[in-house]
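Structural overview for review
The primary structure of each chain is shown beneath.
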Amino acid sequence: MNILEQTTLESEAVYIFREVVAQFENPVLLFSGGKDSITLVRLAQKAFYPAKIPFPLLHVDTGHNFSETIAFRDKLVEELDLELIVRHVQEAIDKGRVTEESGKYSSRNALQTTTLLDAIEEFKFDACIGGARRDEEKARAKERIFSVRDDFGQWDEKNQRPEVFDLLNGKIELGQNVRVFPISNWTELDVWNYIEKDQIEIPSIYFSLQRPTFVRDGLIWSASEFVYKEENEEVLDRMVRFRTVGDMTCTAAVESSAKTIEEIIKEIQESTISERGARIDDKRSEAAMEKRKQAGYF
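The structure contained in this document is the topic of the report that follows. (Residues numbered from 1 in each chain as written. Predicted model: local features only at pLDDT ≥ 70, side-chain atom pairs only at ≥ 80, totals over all residues. Heavy atoms only, no water.)

Aromatic ring pairs are described here by two measures, namely the spacing of the ring centres and the angle between the planes. Summed over all chains, the structure comprises 7 aromatic pairs. For the ring pair phenylalanine 24 and phenylalanine 146, a centre distance of 5.5 Å and an interplane angle of 65° mean the geometry is edge-to-face. Of this pair, phenylalanine 24 sits in the loop between helix 1 (3-23) and strand 1 (27-30) while phenylalanine 146 is found in strand 5 (residues 146-149), placing the two residues 122 residues apart along the sequence. The burial state of phenylalanine 24 is the same as that of phenylalanine 146; both residues are buried. An aromatic cluster of at least three residues, connected via ring pairs, comprises Phe17, Phe48 and Phe55. (Phe/Tyr/Trp six-rings, centres within 6.5 Å; stacked < 30°, edge-to-face > 60°. Helix = DSSP H or I, 4+ residues; strand = E, 2+ residues; numbered from the N terminus. Buried < 20%, exposed > 50% of the residue type's maximum accessible area, 1.4 Å probe, protein only.)

The next subject is the pattern of salt bridges. The full count for this structure, using the stated rule, is 20 salt bridges. Salt-bridge contacts for lysine 197 lead to aspartate 198; the nearest nitrogen and oxygen are separated by 2.8 Å. Relative accessible area serves as the criterion here: at 39%, lysine 197 is assigned to the partly exposed category. Here arginine 241 ties to glutamate 267 by a salt bridge, and the two come within 2.9 Å at their closest N and O atoms. (Salt bridge = Lys/Arg side-chain N within 4 Å of Asp/Glu carboxyl O.)

Glancing now at unusual backbone geometry. Tyrosine 49 connects to proline 50 through a cis peptide bond whose omega is 10°. Inspection of the secondary structure puts proline 50 in the loop between helix 2 (35-48) and strand 2 (57-61). One non-glycine residue with positive phi stands out, namely lysine 124, at about 60°. Taking the relative accessible area as the measure of exposure, lysine 124 reaches 53% and is therefore exposed. A positive phi angle, close to 55°, is found at glutamine 199, a residue other than glycine. Mapped onto the elements, glutamine 199 comes out in the loop between helix 6 (188-198) and strand 7 (209-216).

This part takes up the sheet that holds strand 2. In spatial order, the strands read 3-2-1-4-6-5; together these 6 strands make up an open sheet with mixed pairing. Single-partner strands in this sheet number two, and they are strand 3 (84-88) and strand 5. Sheet twist, expressed as the average angle between the axes of neighbouring strands with direction ignored, equals 30°. Here helix 3 (residues 67-80) sits on the sheet and contacts strand 2 and strand 3; the angle it forms with strand 2, its principal contact strand, is near 165°. (Pairing = 2+ DSSP bridges. Axes fitted to C-alpha atoms, helices over the stretch in contact; angles between N-to-C directions. Contact = heavy atoms within 4.5 Å.)

Attention now goes to the sheet that holds strand 9 (residues 236-241). Taken in spatial order, the 4 strands line up as 8-7-9-10 in an open sheet, and their pairing is antiparallel. Bordering the open sheet on either side are strand 8 (219-222) and strand 10 (254-255), each of which pairs with just one other strand. Pairing of strand 7 with strand 8, which is carried by 4 bridges, proceeds in the antiparallel orientation. Among the inter-strand pairings, valine 215 is bridged to a residue of strand 8, identified as isoleucine 220.

Residues that lie three or four places apart on an α-helix share one face, since the helix turns once every 3.6 residues. Within helix 7 (residues 261-270) the residues assigned to the buried category are Ile261, Ile264, Ile265 and Ile268. For helix 7, the angular spread of the buried residues around the axis is 100°, confining them to a single face. For helix 7, the exposed residues lying more than 90 degrees away from the buried face are Glu262 and Glu270. Tucked into the core, helix 7 has its buried residues touching helix 6 and strand 9. (Arc of directions from axis to C-beta.)

A separate point is the side chain of serine 106. Mapped onto the elements, serine 106 comes out in the loop between helix 4 (89-94) and helix 5 (112-123). Serine 106 sits in the buried class, given a relative accessible area of 19%. There is a polar contact of 3.0 Å between the side chain of serine 106 and the backbone oxygen of glycine 103. (Polar contact = N/O pair within 3.5 Å; in protein donor to acceptor, adjacent residues only side chain to side chain.)

Once that is clear, we can look at the packing of helix 6 against helix 7. When two helices pack together, their arrangement is captured by the angle between the axes and the distance separating the axes. Two elements in contact, helix 6 and helix 7, have axes whose closest approach is 10 Å; the angle formed by their N-to-C orientations is 165°. Classified by the angle between their axes, helix 6 and helix 7 sit roughly antiparallel to one another. Read as a crossing pair, helix 6 and helix 7 show a hand that is left-handed. Packed against helix 6, whose contacting residues are Glu188, Leu189, Trp192, Asn193, Ile195 and Glu196, the element helix 7 presents Ile261, Glu262, Ile264, Ile265, Ile268 and Gln269 at the interface. Among the residues forming the contact of helix 6 with helix 7, the class breakdown is 7 nonpolar, 2 polar and 3 charged. (Parallel < 35°, antiparallel > 145°, perpendicular 65-115°, else oblique. Left-handed = near helix turned anticlockwise from the far one by under 90°. Nonpolar A, V, L, I, M, F, W, Y, C, P; charged D, E, K, R; others polar.)

This paragraph deals with helix 2. Here helix 2 spans 20 Å end to end across 14 residues, near enough to the 20 Å set by a 1.5 Å rise per residue. For helix 2, a buried count of 11 out of 14 residues is recorded, marking the element as mostly surrounded by other parts of the structure. (Expected span 1.5 Å × (residues − 1).)

See the structure below:
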């Protein structure tokens, strides 16, 4: 990506952030601690500089996050003096709002939906800013930049507003809210090139390191107490990194020697596997992501 393309994408994202604050009363930035949400924080800083970012960050914590991601989240919030709201999937499980999965492919990833919708209702957020990109997955390619959710938090992919000439319509009815995607038009490489150009710090989980892992179904899993493992699945130290950061129960690693941003970019350019190719939650069915989004998932 050349400088002109980077500037165009950055300008579009900054414009979207400013439109959110202009059109909505109570926005929030959905923060996972991954590269996309970290990039959103940097873009929000630029959109409102020299003022502080004028909305809080919300992290839906599954309880099975990578420790490096949580440590980075807390460090970033402290350094930038941001407001952070954390809501826990475990609380929804304890209250009987959702049921913990069990077995070989059990994950808390889908359970985040209930916790997210509860947080939106608790704080009356009318716009939730997220780092989804259209190149990630076909269901996300259908999203508008301002994507309306009904009063049940559900998404109707067949009934979306047109967005032409960068005109963003934030008008919503009582009970509705909007998901906003400022980097919707970016690609994975666009994000990494921007991180390199702006020298943005990211969690160590993205860089290659010797990590205890085991192999199942051709994928490399973190040997964590949270990840189901058969007795015959051998744990070995492997040189791996994580290309996408989610709940560790559904996020596999990739073999890699990339220890710098430059090396990561080169690796992605040469890769024949998609970014979410190591996300087992997307492989539960052909329309797994779309069904989760229809129910209110990010």
